[in-house]
Amino acid sequence: MQTRDTLEESLVISGGSPKILLTGAGLLLAVLAPFVLYPVFLMKVLCFALFTCAFNLLIGFAGLLSFGHAAFFGGAAYIAAHTVKEWGWTPEAGLLAATVVAGLMGLVFGLIAIRRQGIYFAMITLALSQMVFFLALQLPFTHGEDGIQGVPRGLLFGLFDLSQPLTMYYTVLAIFIAGFALIWRTVHSPFGQVLKAIRENEPRAVSLGYRTDRYKLVAFVLSASLAGLAGGTKALVFQLASLTDVTWQMSGEVVLMTLLGGMGTLFGPVVGAGLVVTLESYLASTSLPVPVVIGCIFVVCVLLFRRGIVGELMARLPGKGNR
C-alpha cells in the first residue's frame, strides 16, 4: 500500500515521460498565461500560491498549525514597500530585506511558541501575530490605515523595467518557481523526512535521537521567510502595503487555501490558492456575498474531498492505496 507522500513523490520525481510532459506543460501554460489572462490577476495567484506553499511546509510536513503567518506575509510587505519607496532601494534589495526580516520574525516567534503543541502553539502564534498587527497600525512608517501607497517597482538588477506588466509577471513567476523548488528540495531531503517523522509520531522521533524542537524551528523559520518573500512580492505587484495583509483574517485565508487544495501535498496549496483568488476576483463584480460563497464551497469540499482536492484525486488513482 502506497502512502500519499510516496505516491506524490513517484509522480513528481520519478523519471520518464510523464514527469517531463507534466512539467513542460505546466511551464508552458505559465509562460503563455499572461497573453490570455490579466497579468495582475495571475501575479496575485502566484504570490498567494507561494504564501500557501510556505504555510503548507509547516502544517503539512511538520504538523504545526500556525494562525500567525499573516505577520510574516504582511510585515514583509511593509518592509519591502518602505525600503523601496522611502530609502530608494532596488526591488531585489527590498525583497531580500523583506525575506530576512520575515525570517528573523519567524525565529522569534518559533523560539517562543515551538515548545508548545496543538492548540497552544496555534494560539501563541495568533497572539504574536496580533501584536504585529497593532504595531503596523501604530508605527509612523506604516502610515496606519492608509498603508504605504505608490511603491515604485523600479529596475530589477538595474536592467529590467518592472513597470512593464509582462516583465513584472515573469519576475513573479521566477520567484514562485524558485520558492517552490526550495520547498520541493526541502521536502525530499533527509531534513524533510525527519519533519514527516515528527508529524507522524514525534515521541518516536525523539526516541530515535532527533532533537525535534530544532527541526521544527528551522522549518518555522524557512516557512516564515518564504511567506515574507511572497508578501514582499505582492507589495511590489500592487505597489501597496496595507493592514489587510497583516490581519488575522489573512492567516485564516491561507489555512483555507491549504485545506481546499490538499494539506501535505506539494501541488495542493497551488490549486487551493488559485481557486480562492479566482473566486474572490470574479465574485467581487457580482452582488453575491463572497465570504458566504467561499464558505459554502469550503463546506462542500470538506464533505466530498476530505484530503483536499489534490489529495483526494491522488488517493483515488486506480490501483493506489489510500493513506
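Residues numbered from 1 in each chain as written. Predicted model: local features only at pLDDT ≥ 70, side-chain atom pairs only at ≥ 80, totals over all residues. Heavy atoms only, no water.

**So, the overall build of the protein**
In terms of helices and strands, the protein carries 14 helices and 4 strands. Against the 2.2 N^0.38 benchmark of 20 Å for 323 residues, the protein shows a C-alpha radius of gyration of 19 Å, consistent with a compact globule. When its C-alpha atoms are laid out on the principal axes, the protein stretches across 55 × 45 × 45 Å. Residues counted as buried form 50% of the 323 residues belonging to the protein. Sequence separation of at least 24 residues holds for 76% of the intrachain contacts in the protein that already meet a minimum separation of 6. (Helix = DSSP H or I, 4+ residues; strand = E, 2+ residues; numbered from the N terminus. Rg over C-alpha atoms; globule rule 2.2 N^0.38 Å. Buried < 20%, exposed > 50% of the residue type's maximum accessible area, 1.4 Å probe, protein only. Contact = heavy atoms within 4.5 Å.)

**Some thoughts on the confidence of the model for the protein**
Looking at the protein as a whole, its pLDDT mean stands at 86, while 91% of the residues score no less than 70. Mean pLDDT in the protein bottoms out at helix H1 (residues 4-13), which sits at 47, and peaks at helix H5 (residues 91-113), which reaches 95. Every residue in residues 6-16 scores below 50 in pLDDT, and together they form 22 contacts with partners more than four places removed in sequence or on other chains. (pLDDT = per-residue confidence, 0-100.)

**Quick look at the side chain of Glu202**
In this fold, Glu202 is placed in helix H9 (residues 202-207). With sequence-adjacent residues up to four places away left out, Glu202 is seen in contact with Gln117, Ala197, Thr212, Asp213 and Lys216.

**Observations concerning unusual backbone geometry**
If you check the backbone angles, His143 has positive phi at about 60° while not being a glycine. By the secondary structure assignment, His143 is in the loop between helix H6 (118-138) and strand S1 (148-149). Looking at His143, the relative accessible area reads 42%, which means it is partly exposed. Phi at Phe157 takes a positive value of approximately 55°, unusual for a residue other than glycine. Among the secondary structure elements, Phe157 is positioned in the loop between strand S2 (155-156) and strand S3 (160-161). By relative accessible area, which is 56% here, Phe157 ends up exposed.

**What to know about helix H11 (residues 248-261)**
Along its 14 residues, H11 runs 20 Å from first to last C-alpha, staying within 8% of the 20 Å computed at 1.5 Å per residue. Counting buried positions along H11 gives 10 out of 14 residues, so the element sits mostly inside the fold. All of the buried residues in H11 are Met250, Ser251, Glu253, Val254, Val255, Leu256, Met257, Thr258, Leu260 and Gly261. Looking at the buried residues of H11, the elements they touch are helix H3 (39-59), helix H4 (69-85), H6, helix H12 (268-283), helix H13 (290-304) and helix H14 (309-315). Gly262 sits one or two positions beyond H11 and adopts a positive phi of about 135°. (Expected span 1.5 Å × (residues − 1).)

**Some thoughts on the pattern of salt bridges**
Within the structure shown, the criterion is met by 5 salt bridges. One connected set of salt bridges, linked through shared partners, spans Arg115, Glu202, Asp213 and Lys216. (Salt bridge = Lys/Arg side-chain N within 4 Å of Asp/Glu carboxyl O.)

**Points about the state of the cysteines**
Any covalent bond linking the sulfur atoms of two cysteines counts as a disulfide. Throughout the structure, instances matching the rule amount to 0 disulfides. Among the cysteines around Cys53, which has no disulfide bond, Cys47 carries the closest sulfur, lying 12 Å off. (Disulfide = S-S within 2.5 Å.)

**Considering the packing of H3 against H11**
The relative placement of two packed helices is expressed as an angle between their axes plus a distance between the axes. Axis separation between H3 and H11 bottoms out at 9 Å; the angle between their running directions is 80°. With respect to each other, H3 and H11 are oriented roughly perpendicular. Across the interface between the two elements, Phe48, Phe51, Thr52, Phe55, Asn56 and Ile59 of H3 pack against Met250, Val254, Val255, Met257 and Thr258 of H11. Partitioning the contact of H3 with H11 into residue classes produces 8 nonpolar, 3 polar and no charged. (Axes fitted to C-alpha atoms, helices over the stretch in contact; angles between N-to-C directions. Parallel < 35°, antiparallel > 145°, perpendicular 65-115°, else oblique. Nonpolar A, V, L, I, M, F, W, Y, C, P; charged D, E, K, R; others polar.)

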